[in-house]
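# Coordinate analysis (summary)
Each chain, written out:
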Amino acid sequence: MDLKDKKVIVIGERDGVPAPSLQLCAEAAGARVILAMNQCFV
Amino acid sequence: MSRFPAVEAVSYGLAHAPDLVRYGSKPAREIGRDPGRQREIDDHLRSFEEASRYLPNRVFLGAAHPSALNRVSRPWWDATPDSEPDGTPLGRMLSQNGLYGLLRCCDQFGLIQLEKETAQQAHECLAREKLLPEARLSPLEASGVQLPDTHVGGFARLPLYREGTRVGTFKGDHESDETLQPSVLLENLATKATALQATMELLRLNPEVEPGSIDYVINTGEEAVGDRYQRGGGNLAKAVAEMAGLERATGSDLKAFCCGPMHGFLMAAALVKSGVFGRVLVVGGGSLAKLGMKSSAHLKADMPILEDVLAGFAFLVGTGDGSQPVIRLDAVGKHDVRCKSSAQGIAEALTSEPLGRLGLRLQDIDKYAVELHNPEVTVPAGSGDVPATIYRVIGSLAVMRGEISRDQLTDFTQAKGMLGFSPTQGHVASAIPFLGHAWRGIRKGELKNTLLIGKGSLFLGRMTQMSDGVSLLIEQP
């Protein structure tokens, strides 16, 4: 998937991959992160 | 005292609360939107017998070892009971009537009223279980008056049910204070009652522990006890100490979301190690708000609502008798502010970094106790298998560090981890459910050590985007 110039919403998880890590990856791929948040499902 | 403080005793408690599921946060919101949801919930509640024989609950109470979960195929809720007889438990499950009675006995403000038959049955249950001294049961003798309407004197009252019939009421204590509304006070009193339940079990199972020898109590539950001027003002710990007859104790509440118990564990050990106190009790009561948290998914899957119990724990930290597991205060793992937020960064801060200080590798740990949420509750809701995910991260770290090969990852996670079995009761599930098993295993020589890892989702409170974590190593003395 080409993320360049795409708007991205990042939902991270405490016990999985946290939002800041996902954000860095998405931005490195050229995406614009418009919202990044962590969720806890327990 | 040895170089390090010891875990002197551990106990647990469960309280069956099917008719309180409606007051869990998620069910209450859904019933508010669609009153018909109540009927669906009622049709999927378990009996006391079903909840009692549910293998994850027996493992939580210490009657069965976590390894028993590997021998029984899922769904566990529909499984034939394991043929292996239960061992000596570290706690018991209280019936809902018993829970109502315990709530009444813990209530010093006339918040709860029970109808006569329920009060009598609750009295019989608590007397039979010898959970509280007879003198503490007197509030139940005074119960049994005509139940008031749901609104009296301007205070809203929550009805309390048994199989759909109203058997009690629970009132608020201020007409406009949001923190003293009945739903909040019931949540707080439920936490107090179940933390007390686990504390009384600890004293019952360890008669050598004199109540007067406990100096301090740390409550690690997440509920906010307070009023309109100080939400979360706290000190449920002292309320529990009072009810448990810990005459020489005071205490305080420690808040860190689900990581609270591990912070409490650390503080207790530090207080004992420093010589400030000889014995510190750490407690955590159940979370009423989390009853039925994943019930929507359970209803969709036409399976029982498994989040129908309140859970509690209590453990005692002291100088030890030389046979009890010690807490390695020279290897505390903590998720610093500066810590990387990646799964790898968090895992390193809580495992390889503190172990490295002792010259230990990840492989040198017999068992890792992590967030032990029961996957049978979470997976149908799409929330994943929490412990399996964390074990995979720890195993992956072992691969990255060259301790094991990639092919050995599954073997590593199976040997060092376990299936989740804890009720999804927030802080309760955070590593502490295995503490009793580790305490026993280390004393018997079956385990040499266990690394307990707690995590907290601080971002839920909207004050920081960070999460949190603390780990402690316990080992043979």
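Whatever comes next refers back to the structure up there.
Let me sum up the structure you'll find in this document. Just so it is clear, the structure is predicted and the values come from calculations on it, not from any experiment. (Residues numbered from 1 in each chain as written. Chains lettered and ligands numbered in written order. Predicted model: local features only at pLDDT ≥ 70, side-chain atom pairs only at ≥ 80, totals over all residues.)

### A closer look at the overall build of chain B
Looking only at helices and strands, chain B features 17 helices and 15 strands. In summary, chain B has a C-alpha radius of gyration of 22 Å against a globular reference of 23 Å for 477 residues, a match within 12%. Dimensions of chain B, computed from the C-alpha atoms along their principal axes, are close to 70 × 50 × 50 Å. Residue burial in chain B is summarised as follows: out of 477 residues, 55% are buried. (Helix = DSSP H or I, 4+ residues; strand = E, 2+ residues; numbered from the N terminus. Rg over C-alpha atoms; globule rule 2.2 N^0.38 Å. Buried ≥ 20, exposed ≤ 12 C-beta atoms within 10 Å, placed from the backbone.)

### Notes on the overall build of chain A
Within chain A, the regular secondary structure consists of 1 helix and 2 strands. Sequence-ordered secondary structure for chain A, helices as α and strands as β, is β-α-β. For chain A, with 42 residues in total, the buried portion stands at 29%.

### What to know about the environment of B:Gly98
Residue and element names in this part refer to chain B. Mapping Gly98 onto the fold places it in helix α6 (residues 96-106). Residues Gly98 and Ala190, 92 residues apart in the sequence, show an inter-C-alpha distance of 12 Å. Each residue touching Gly98, except ones within four places of it in the same chain, is listed here: Ala122, Cys125, Leu126 and Glu129. (Contact = placed C-beta atoms within 7 Å.)

### Considerations on the packing of α6(B) against helix α7 (residues 116-129) of chain B
Residues and elements named next belong to chain B. Contact geometry of α6 with α7 gives a least axis separation of 8 Å together with a crossing angle of 95°. By the criterion of interaxial angle, the relationship of α6 to α7 is roughly perpendicular. Between α6 and α7, the contacting residues are Asn97, Gly98, Tyr100, Gly101, Leu102 and Arg104 on the first element and Thr118, Gln121, Ala122, His123, Cys125, Leu126 and Glu129 on the second. (Axes fitted to C-alpha atoms, helices over the stretch in contact; angles between N-to-C directions. Parallel < 35°, antiparallel > 145°, perpendicular 65-115°, else oblique.)

### What about the interface of chain B and chain A?
Interfaces are often sized by the amount of accessible area the parts lose when they come together. Between chain B and chain A, the residue contacts involve 19 residues of the former and 11 residues of the latter. Sorting elements by how many residues they give to the side of chain B that touches chain A places helix α15 (residues 386-400) of chain B first, with 3 residues. By residue class, the composition of the side of chain B that touches chain A is 6 nonpolar, 11 polar and 2 charged. (Nonpolar A, V, L, I, M, F, W, Y, C, P; charged D, E, K, R; others polar.)

### Re the nonpolar core
Inside soluble globular proteins, nonpolar side chains tend to come together where they are buried. Residues and elements named next belong to chain B. Grouped together as the largest cluster of nonpolar side chains are 151 residues, with contacts concentrated most on Val217, Val240, Val283, Phe315, Ala369 and Leu435. At 12 residues, helix α9 (residues 182-205) tops the list of elements feeding residues into this core. Setting aside chain neighbours within four positions, we find Ala369 in contact with Ala431, Phe434, Leu435, Ala438, Thr450, Leu452 and Ile453. (Core = buried A, V, L, I, M, F, W, Y, C linked by C-beta atoms within 7 Å.)

### Focus: helix α13 (residues 343-357) of chain B
All names here are of chain B. If you check α13, its first and last C-alpha atoms are 21 Å apart, about what 15 residues at 1.5 Å a residue would give, namely 21 Å. Of all the bends in α13, the largest measures some 45° and sits at Ala349. If you check which residues of α13 are buried, you get Ala343, Ile346, Ala347, Glu348, Ala349, Leu350, Thr351, Ser352, Pro354 and Leu355. Positive backbone phi, at 75°, marks Gly359, one or two positions downstream of α13. (Expected span 1.5 Å × (residues − 1). Bend = angle between axes of the 7 residues up to and from the residue.)

All we've got here are geometric facts, nothing functional implied.
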